[in-house]
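Read off the chains here:
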Amino acid sequence: MSKTQIATGGIADDAVTAAKATGFGKLGQIVTTTTALNQNSTSTSLAELHSSCRVAITPSATGSKILYLVSFPFLSAAANTGFFMNIYKDVGGGGYADDSGEISRYSNYQSSTNNYDVASWQYLSSPSTTSAVTYTPYVKVNANTVNFGNSAKFNATVMEILA
């Protein structure tokens with residue numbers, strides 16, 4: 001293929017335009033919830049962590065994706081204690097259902113006790129709706145007790161990624 005080179009002086013200023021692609025990966029809304037949490041869990045079945053951890057967003061388009069970010073401290077007071085987290089969502093008040101499957105697993109399989117740490121996870125959801133969507137974490141433990149929050153802040157943020 002041959003190439004032709006044109007001097008910039010030979011091109012009219014209005015003949016060159018920038019590409020007009022828009023909307024790829026732009027952020028729409030951002031919603032955050034922060035709550036002081038001190039919630040013990042001994043359940044070996046998935047259960048909502050706490051209703052104060054819910055965060056709601058109404059996508060502007062059915063093609064939007066929602067990025068869910070969560071961060072919280074926790075305390076496992078006994079050795080060989082672990083917890084699991086799934087993100088559930090409710091669309092338009094229809095009831096909560098598992099959206100993520102198991103997104104996290106934390107284990108304190110050590111001989112030490114009183115392990116205090118901070119958990120932080122991200123999850124990308126495709127709700128395919130323009131109705132209000134509420135996200136909330138569900139957790140279960142393998143044994144013993146895990147304290148979520150330990151009287152500190154639980155933070156959850158949802159961001160709309162535009163289609």
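Look above for the structure.
What you are looking at is a predicted structure, and each value in this text was computed from that prediction instead of being measured.

Cut-offs and rules
Residues numbered from 1 in each chain as written. Predicted model: local features only at pLDDT ≥ 70, side-chain atom pairs only at ≥ 80, totals over all residues. Heavy atoms only, no water. Helix = DSSP H or I, 4+ residues; strand = E, 2+ residues; numbered from the N terminus. Buried < 20%, exposed > 50% of the residue type's maximum accessible area, 1.4 Å probe, protein only. Contact = heavy atoms within 4.5 Å. Salt bridge = Lys/Arg side-chain N within 4 Å of Asp/Glu carboxyl O. Pairing = 2+ DSSP bridges. Axes fitted to C-alpha atoms, helices over the stretch in contact; angles between N-to-C directions.

Focus: unusual backbone geometry
One non-glycine residue, Asn-144, adopts positive backbone phi at about 65 degrees. For Asn-144, the position within the fold is in the loop between β8 (133–141) and β9 (146–161). Taking the relative accessible area as the measure of exposure, Asn-144 reaches 39% and is therefore partly exposed. In this structure, Asn-150 is a non-glycine residue whose phi angle is positive, near 50 degrees. Owing to a relative accessible area of 31%, Asn-150 belongs among the partly exposed residues under this scheme.

Observations concerning the side chain of Thr-129
Tracing the sequence through the fold places Thr-129 in the loop between β7 (115–125) and β8. Other than its neighbours up to four places away in sequence, Thr-129 contacts Pro-59, Ala-61, Thr-62 and Val-91.

Quick word on the pattern of salt bridges
The full count for this structure, using the stated rule, is two salt bridges. As a salt-bridge pair, Arg-54 and Glu-48 come within 2.7 Å of each other at their nearest N and O atoms. The class of Arg-54 is partly exposed, set by a relative accessible area of 34%. With relative accessibility at 24%, the residue Glu-48 sits in the partly exposed group. The shortest N-O distance in the salt bridge between Asp-99 and Lys-89 comes to 3.2 Å. Taken as a pair, Asp-99 in strand β6 (residues 96–108) and Lys-89 in strand β5 (residues 81–91) lie far apart in primary sequence, 10 residues in all. On the basis of relative accessibility, which here comes to 14%, the residue Lys-89 falls in the buried class.

A word on the sheet that holds strand β4 (residues 65–76)
Ordered by their spatial adjacency, four strands build an open sheet running β1-β9-β4-β7, and the pairing between neighbours is antiparallel. In this open sheet, the two strands that pair with only one neighbour each are β1 (27–41) and β7. On average, adjacent strands in this sheet sit at an angle of 10 degrees to one another, irrespective of strand direction. With 10 bridges joining them, β4 and β9 adopt antiparallel strand pairing. Note that in β9 the partner of Ile-66 across the bridge is Glu-160.

Focus: the pairing of β8
In terms of residue burial, β8 counts as a mostly covered element, since eight of its nine residues are buried. Sheet topology note: the strand β2 (residues 47–48)/β8 ladder contains two bridges and is antiparallel. Within β8, the position partnered with Ala-47 by the bridge is Val-139. Note that strand β3 (residues 55–57) and β8 share three bridges and pair antiparallel. Within β8, the position partnered with Ala-56 by the bridge is Thr-134.

Topic: the environment of Lys-153
Mapping Lys-153 onto the fold places it in strand β9. Residues Lys-153 and Thr-34, spaced 119 residues apart in sequence, show a C-alpha to C-alpha distance of 6.3 Å. Setting aside chain neighbours within four positions, we find Lys-153 in contact with Thr-34, Thr-35, Ala-36, Ser-71, Phe-72 and Pro-73.

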